[in-house]
2 protein chains.
Amino acid sequence: MDEPGHIRRYPRPAVAVDLTIFTLRDADLQLLLIKRKRPPFEGCWALPGGFVRVSDEQDQGEDLDQAAERELAEETGLPTGAVFLEQVRAFGQAGRDPRLRVISVAYMALVRPELAPVVCAGGDAADARWFSTAHLEQQPLAFDHHQIINAATEHLRRAIRTTDLAFELVPETFTVAELRAVYEVLEGARLDPGNFRRRFMRMVDDGVLQESPGKRATGSRKARLYRFKPRQT
Amino acid sequence: MDEPGHIRRYPRPAVAVDLTIFTLRDADLQLLLIKRKRPPFEGCWALPGGFVRVSDEQDQGEDLDQAAERELAEETGLPTGAVFLEQVRAFGQAGRDPRLRVISVAYMALVRPELAPVVCAGGDAADARWFSTAHLEQQPLAFDHHQIINAATEHLRRAIRTTDLAFELVPETFTVAELRAVYEVLEGARLDPGNFRRRFMRMVDDGVLQESPGKRATGSRKARLYRFKPRQT
DNA sequence: ATAATAGTGTCTATTAGACAATATCCT
DNA sequence: AGGATATTGTCTAATAGACACTATTAT
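Going along each chain's sequence as written, the residues are numbered from 1 onward. A letter from A marks each chain and a number from 1 marks each ligand, given out in the order of writing. Owing to the predicted nature of the model, reporting of local features is limited to residues with pLDDT of at least 70; listing and counting of side-chain atom pairs is limited to 80 or more, with chain, interface and lining totals taken over all residues. Just so you know, side-chain values use all the structure's heavy atoms and leave hydrogens and water out.

A. Quick peek at the environment of B:R38. Under the scheme used here, helices are H or I runs from DSSP no shorter than 4 residues and strands are E runs no shorter than 2 residues, and both carry numbers assigned from the N terminus. With respect to the element layout, B:R38 can be found in the loop between β2 (29-35) and β3 (45-46). With 13 residues separating them along the chain, B:R38 and B:R25 place their C-alpha atoms 30 Å apart.

Encoded structure:
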């Protein structure tokens, strides 16, 4: 954070944001990738993202979070605010982009399952597709995107264990089984329906969740619906 | 992550690393700050840090982690590897540096209490001092360093709760009370000595900790010493 | 001897998990 | 009716927390 006034002449890196956009479909954690239509890695699948627009003038350009929101809107076509978005961390390995020095700030986005089908290709992507994270190791990806995906997935798993984030991967109203499915996929283990129900009901008692009118059949029998209480602790 | 070959002409931000260097002294979580000797914020206390050295040439310069290690060595004089170092996240608010667009990657470092006294001022700091985090709100700081410190402190608290990181804030060998003090300071609450002891002993049973020869008096009575088992799960 | 901390034991409440049993709904 | 899931209930083990008690050591 210290430098003389002539720092402007020191070489600077390009800074990009890369998005790991997750959703839950078919009882599976899936990730949105786009096919690159320019070198390097032309034709290769990659995380959506782009460079942060900056300036040294009075208006210094967009914030990192704003850049991530912008890219998210461009790539998914979803309205801002419909999707949970949070920074994971920065990746700055030298040589991660062969052309020039790029430091990438990774973000994690969570798309509710109802919205996943409407996500479409943005302007600078030849194609966009949801990939199952389960078989992604075999898939060749551009840059160090495997590493970013691993870090983001780990970030997501940790967040699911320690915060309310599971709620971002479920529709507005949901059944006990639907929320259980989120935990089962993220924890990678089957959970006892009865035991999970008690955990769930404790959240209702604590006022985190509340019953919502109507019922829905996920399986063979209709189940009660719930929703989140207003917000914030 | 997409751009034409002429991206080199787009404006880029400067990228810095800022270090939140914590230690535990006098039953208190403390943070190392340096007094800036150049504008802006000349004479103001600030986080140690500096710009990342980059290039677009074949050798693209240092990694973010390397830059943080280098700054840490320069500012503390401690040998690399003696101190735990981990990235927190990137801060990229527009206008956070009044002169030019700077994106800062924050790192958290944990200095064992025996090493804290030997930490001395580095080359580009007029002065360096440990500050108690308890009263830091009143202290005016340069840039958005208050925000970075809050995020890093939160990061640390979370890590203490969910990982083995408390061990980085204690000497090589330590007593039950010394480890308890780490948790008491970080959790901001007194812990029952008897109950904490059982938690501790479970770690011994699990092979995380092992007894070490000798005893040490933290208070009025000598206590057994422990150390960490080799490493890794 | 006394104060202060180390170390042990006991009891209760909460929670996770295994697992059985009943209720409801779709086909 | 039959199969699948929802929902409820029971039991056990692990853990956290409150709290009382004994042991050891510096002063």
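B. A look at the protein's contact with DNA strand C. Close to DNA strand C lie 17 residues; A:N195, A:R202, A:R221, B:S220 and B:R221 are nearest. Residue proximity to a molecule or strand is established when one non-hydrogen atom of the residue lies within 4 Å of it. Among atoms of DNA strand C positioned within 4 Å of the protein, sugar and phosphate together represent 59%. We define a polar contact as two N or O atoms separated by no more than 3.5 Å, with the added condition that, inside protein, one atom must be a possible hydrogen donor and the other a possible acceptor, whereas residues neighbouring each other in sequence contribute only through side-chain atom pairs. A:D192 is positioned with one of its side-chain polar atoms (N or O) 3.2 Å from a base nitrogen of DNA strand C. The side chain of A:R198 places a nitrogen or oxygen atom 2.9 Å from a base nitrogen of DNA strand C. For the surface near DNA strand C, the elements supplying multiple residues, two or more each, are α4 (193-205) of chain A together with α3 (176-187), α4 (193-205) and β9 (222-228) of chain B.

C. Region of the structure containing α4(A). Residues and elements named next belong to chain A. A helix is expected to reach a length of 1.5 Å times the quantity of its residues less one. Taking 1.5 Å per residue as the helical rise, α4 with its 13 residues ought to reach 18 Å, and the 18 Å between its terminal C-alpha atoms agrees with that figure. Each residue is assigned to one of three classes by its accessible area relative to the maximum for its type, calculated with a 1.4 Å probe on protein chains only: buried under 20%, partly exposed between the two thresholds, exposed over 50%. Along α4, the residues classified as buried are F196, F200 and M203. Looking straight down α4, one finds that the buried residues subtend no more than 45 degrees of arc, so they occupy a single side. For α4, the exposed residues set more than 90 degrees away from the buried face come down to R198 and D205. We call two residues in contact whenever any of their non-hydrogen atoms come within 4.5 Å of each other. Check the buried side of α4 and you find it contacts α3 (176-187), β8 (209-217) and β9 (222-228). Between a side-chain oxygen at the N-terminus of α4 and the backbone nitrogen of G194 the separation is 2.9 Å; the capping residue is D192. Read the arc as the range of directions from the helix axis to the C-beta atoms.

D. Just the packing of aromatic side chains, in detail. Stacked, edge-to-face and tilted are the three classes for Phe, Tyr and Trp ring pairs, Trp counted by its six-membered ring, which pair at centre distances within 6.5 Å; planes under 30 degrees apart are stacked, over 60 edge-to-face, the rest tilted. Across all of its chains, the model carries 18 aromatic pairs over all chains by this definition. On the numbers, 3.4 Å between centres and 45 degrees between planes, the contact of A:F167 with A:F228 is tilted. A residue pair is termed long-range when its members are at least 10 positions apart, and A:F167 in the loop between α2 (145-162) and α3 and A:F228 in strand β9 qualify at 61 residues. Across the pair, exposure class does not vary: A:F167 and A:F228 are buried alike. By the ring-pair criterion, three or more aromatic residues cluster together here, those being A:F167, A:F174, A:Y183, A:F196, A:F200, A:Y226 and A:F228. Note on geometry: a ring has a charge over it if NZ (lysine) or CZ (arginine) is within 6 Å of the ring centre and within 35 degrees of the ring normal. The ring of B:F91 carries B:R89 above its face, with NZ or CZ at 4.1 Å from the centroid. B:R129 extends its terminal NZ or CZ atom over the ring of B:W45, reaching a point 5.7 Å from the ring centre.

E. Structural view of the packing of α3(B) against α4(B). Residues and elements named next belong to chain B. The angle between two axes is taken between their N-to-C directions and runs from 0 to 180 degrees, where each axis is a line fitted to C-alpha atoms and a helix contributes only its stretch in contact. Relative orientation of the contacting elements α3 and α4 amounts to 110 degrees, with a least axis distance of 10 Å. Accordingly, the angle class assigned to the pair α3 and α4 is roughly perpendicular. Viewed along their axes, α3 and α4 form a crossing whose handedness is right-handed. Together, V176, L179, R180, Y183 and E187 of α3 and P193, F196, R197, R199, F200 and M203 of α4 make up the contact between the two elements. When grouped by side-chain class, the residues that make up the contact of α3 with α4 number seven nonpolar, no polar and four charged. Oblique is the label for any angle not covered by the other classes, which are roughly parallel (under 35 degrees), roughly antiparallel (over 145) and roughly perpendicular (65 to 115). By definition, turning the near helix anticlockwise from the far helix through less than a right angle yields a left-handed crossing, and turning it clockwise yields a right-handed one. In this classification, Asp, Glu, Lys and Arg are treated as charged, Ala, Val, Leu, Ile, Met, Phe, Trp, Tyr, Cys and Pro as nonpolar, and every other residue, Gly included, as polar.

F. Region of interest: the pattern of salt bridges. We define a salt bridge as a side-chain nitrogen of Lys or Arg found within 4 Å of a carboxyl oxygen belonging to Asp or Glu. Inspection of the entire model under this criterion finds 22 salt bridges over all chains. Here A:R112 ties to A:E168 by a salt bridge, and the two come within 3.3 Å at their closest N and O atoms. Taken together, the positions of A:R112 in the loop between β6 (102-111) and β7 (127-132) and A:E168 in the loop between α2 and α3 put the pair 56 residues apart, joining distant regions of the chain. By relative accessible area, A:E168 is classed as buried at 12%. Among the salt bridges present, the one from B:R190 reaches B:E184, with a minimum N-O distance of 3.7 Å. For B:R190, a relative accessible area of 72% puts it in the exposed group. Residue B:E184 is classed as buried on the basis of its relative accessible area of 12%. Salt bridges sharing common partners tie together A:E62, A:R70, A:E71 and A:E74.

G. Up close: the relation of the copies chain B and chain A. A residue counts toward the fit only if its pLDDT is at least 70 in both copies, and the copies are then superposed by least squares on the C-alpha atoms of those residues. Note on the copies: chain B fits chain A at an RMSD of 0.0 Å, the axial shift is 0.0 Å, and the rotation between them is 180 degrees. Seen this way, the second copy is the image of the first under a two-fold rotation axis. Among all residues of chain B, the minimum C-alpha distance to the rotation axis is found for B:R89, at 2.4 Å. Of all interface residues in chain B, 98% are interface residues in chain A too; the two copies therefore contact each other through one and the same surface.

H. How the structure looks around the side chain of A:R70. Relative to the assigned elements, A:R70 resides in helix α1 (residues 64-76). A polar atom in the side chain of A:R70 sits 2.7 Å from the side chain of A:E62.

I. Structural context of the domain arrangement of chain A. Residues and elements named next belong to chain A. Here the domain parsing of chain A yields domain 1 (5-162) and domain 2 (170-228). Throughout the structure description, domain borders are defined by an automatic or database domain assignment. Centre-to-centre separation of domain 1 and domain 2, based on C-alpha positions: 30 Å. Each partner contributes residues to the interface: domain 1 has ten residues there, and domain 2 has seven residues. Two parts placed together each lose some accessible area under a 1.4 Å probe, and the buried area is that loss summed for both. Counting the surface lost from both domain 1 and domain 2, the interface buries some 850 Å², and carbon and sulfur atoms represent 71% of this. Among the residues of domain 1 in contact with domain 2, L24, R112 and I160 are the three that bury the most area, contributing 50% of the side total. Here domain 1 and domain 2 share zero salt bridges between them. Our count for the contact surface shared by domain 1 and domain 2 stands at two residue pairs in polar contact (both at pLDDT 80 or more). Take the side of domain 1 that touches domain 2: its biggest share by element is three residues, from α2. Here the side of domain 1 that touches domain 2 is composed, by residue class, of six nonpolar, no polar and four charged.

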